[in-house]
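Breakdown of the fold
The residues making up each chain are set out below.
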Amino acid sequence: MELDFWNQRWINNEIGFHQNRVNVHLERNWARVCDSPARVFVPLCGKTGDMVWLANQGSDVIGVEISPIAVQAFFDENGLKPTVTDEAPFKRWQAGKYSLLEGDFFQLSTRHLGQINAVYDRASLVALPPAMRQNYVRHLAKLLPSETACLLVAFDYPQSEMDGPPFSVPPATVADLFSHEFNIKLLYQDDVLNENGKFRERGVTRLTEDAYHLVRK
Ligand code: SAH
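These lines cover the structure that appears in this document, whether it is placed above or below. (Residues numbered from 1 in each chain as written. Predicted model: local features only at pLDDT ≥ 70, side-chain atom pairs only at ≥ 80, totals over all residues. Heavy atoms only, no water.)

So, about the overall build of the chain. A tally of helices and strands in the chain yields eight helices and nine strands. Relative to the compact-globule value of 17 Å for 217 residues, the chain shows a C-alpha radius of gyration of 16 Å, a close match. Along the first, second and third principal axes, the C-alpha set of the chain runs to 45 × 40 × 30 Å. Pairs at least 24 apart in sequence give 67% of the contacts found in the chain among residues at least 6 apart. As presented, the chain carries roughly 10100 Å² of accessible surface, and 48% of it is formed by carbon and sulfur atoms. Measuring between centres, the 22 positive side-chain charges of the chain sit 3 Å from its 27 negative side-chain charges. (Helix = DSSP H or I, 4+ residues; strand = E, 2+ residues; numbered from the N terminus. Rg over C-alpha atoms; globule rule 2.2 N^0.38 Å. Contact = heavy atoms within 4.5 Å. Areas by Shrake-Rupley, 256 points an atom, 1.4 Å probe, with all protein chains shown as cover. Lys, Arg positive; Asp, Glu negative; His and termini not counted. Charge placed at Lys NZ, Arg CZ, Asp CG, Glu CD.)

What follows is the structure, given as structure tokens:
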């Protein structure tokens, strides 16, 4: 999945992945993953309002997002006036508890990110095609100190019934990808086919949204 693909999606406003309400899995599970305010990393953050929810819990939020349209929209839609500084190859957009790095996740280093205590990944891993996922996980692992807790929200559906993104990332794939560097606990699998008409229209007959608690080894 090339960066141009995503930039174009934002230019065309083809952002079906964006949710207008806070993700229910975040609300339900965050306290199990992270029980006090933290510095939370949100990879491939888009303009998700989940970052506002996290900040309202007292956390600082550090996101990374390739599209300047998404980053600008996040601040505009939340009535925030960010300061923007050059931190090549990133631009850092900062306001209040939010620090969004505009640029490519794969170029991130701990120098940009600072110390992180927790990670929230919703629609980020599943945005990437199979060939990029191992690199994503390896890179994420490099950025995180031992004990970092992550909430991962992934879709599981028969991949033969629809092309991604979002791609299907079933429990066996999560195990393959993460078990080397993370301890994995599947919190639950939620049948979400009924509320996802777009998947049904495209022929999907089974769809769960799965929440995992991962801890960096
Ligand atoms: N997590 C968000 C967005 C998910 S869609 C949400 O829940 O709404 C995936 C997002 O990742 C898109 O906004 C896309 O522009 C961004 N993206 C894709 N590849 C990226 C990369 N390599 N670096 C930074 N952002 C990327």
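Now, onward.
Across the eight residues that make up strand β7 (residues 149-156), a large majority, eight, are buried. Where strand β6 (residues 118-122) lies against β7, five bridges are found, and the strand directions are parallel. Its bridge partner lying in β7, Ala118 is registered against Ala149. Once you follow β6 into helix α6 (residues 130-143) and on to β7, the crossover reads as right-handed. As paired strands, β7 and strand β9 (residues 208-216) are joined by eight bridges and run antiparallel to one another. Counted as the bridge partner of Ala149 is Val215 from β9. (Buried < 20%, exposed > 50% of the residue type's maximum accessible area, 1.4 Å probe, protein only. Pairing = 2+ DSSP bridges. Right-handed = clockwise from strand over helix to strand, strands pointing away.)

A word on the state of the cysteines. Counted under the stated rule, the structure contains zero disulfides. The cysteine Cys45 is free of any disulfide, with Cys150 supplying the nearest cysteine sulfur at 16 Å. Just so you know, Cys150 is unpaired, no disulfide at all, and the nearest cysteine sulfur is the one on Cys34, 10 Å from it. In this structure Cys150 comes out as buried when scored by relative accessible area, which is 3%. (Disulfide = S-S within 2.5 Å.)

The next subject is empty space enclosed by the protein. Scanning the entire structure with this criterion turns up one cavity of 30 Å³ or more. Volume-wise, the largest cavity comes out at about 40 Å³. Every residue lining the largest cavity is listed: Val119, Asp121, Leu140, Cys150, Leu151, Leu152, Phe178 and Leu214. Taken together, the elements giving at least two residues each to the lining of the largest cavity come down to β6 and β7. If one sorts the elements of the lining of the largest cavity by residue count, β7 sits on top with three residues. (1 Å grid on protein atoms, 1.4 Å probe; cavity = no way out; pocket = protein on both sides within 12 Å on 5 of 7 lines; lining within 4 Å. Points joined across faces, edges and corners; volume = space filled by probe spheres on them.)

One finds Phe41, Leu108 and Phe178 to be the most contacted residues of the largest nonpolar core, which totals 38 residues. Once you skip the residues sitting within four places of it in the chain, Phe178 turns out to touch Leu125, Val137, Leu152, Ile184 and Leu214. Counting 28 residues, the second-largest nonpolar core is a separate cluster that includes Phe75, Tyr98, Ala118 and Ala211. (Core = buried A, V, L, I, M, F, W, Y, C linked by side-chain atoms within 4.5 Å.)

Let's shift gears to the pairing of β9. Of all the nine residues making up β9, eight are buried; the element is thus mostly covered by neighbouring parts of the structure. Sheet topology places strand β8 (residues 182-191) next to β9; nine bridges connect them, and they run antiparallel. Paired with Lys185 across the two strands is His213, which belongs to β9.

The full set close to the ligand counts 18 residues, and Leu44, Glu65, Asp104, Phe105 and Arg122 are the nearest of them. Side-chain polar atom of Asp104 to a nitrogen atom of the ligand: 2.8 Å apart, as the coordinates give it. When isolated, the ligand has an accessible area of 570 Å², and the protein chains bury 98% of it. Top contributing element to the shell around the ligand by residue count: helix α1 (residues 3-11), with three residues. (Near = heavy atom within 4 Å. Polar contact = N/O pair within 3.5 Å; in protein donor to acceptor, adjacent residues only side chain to side chain.)

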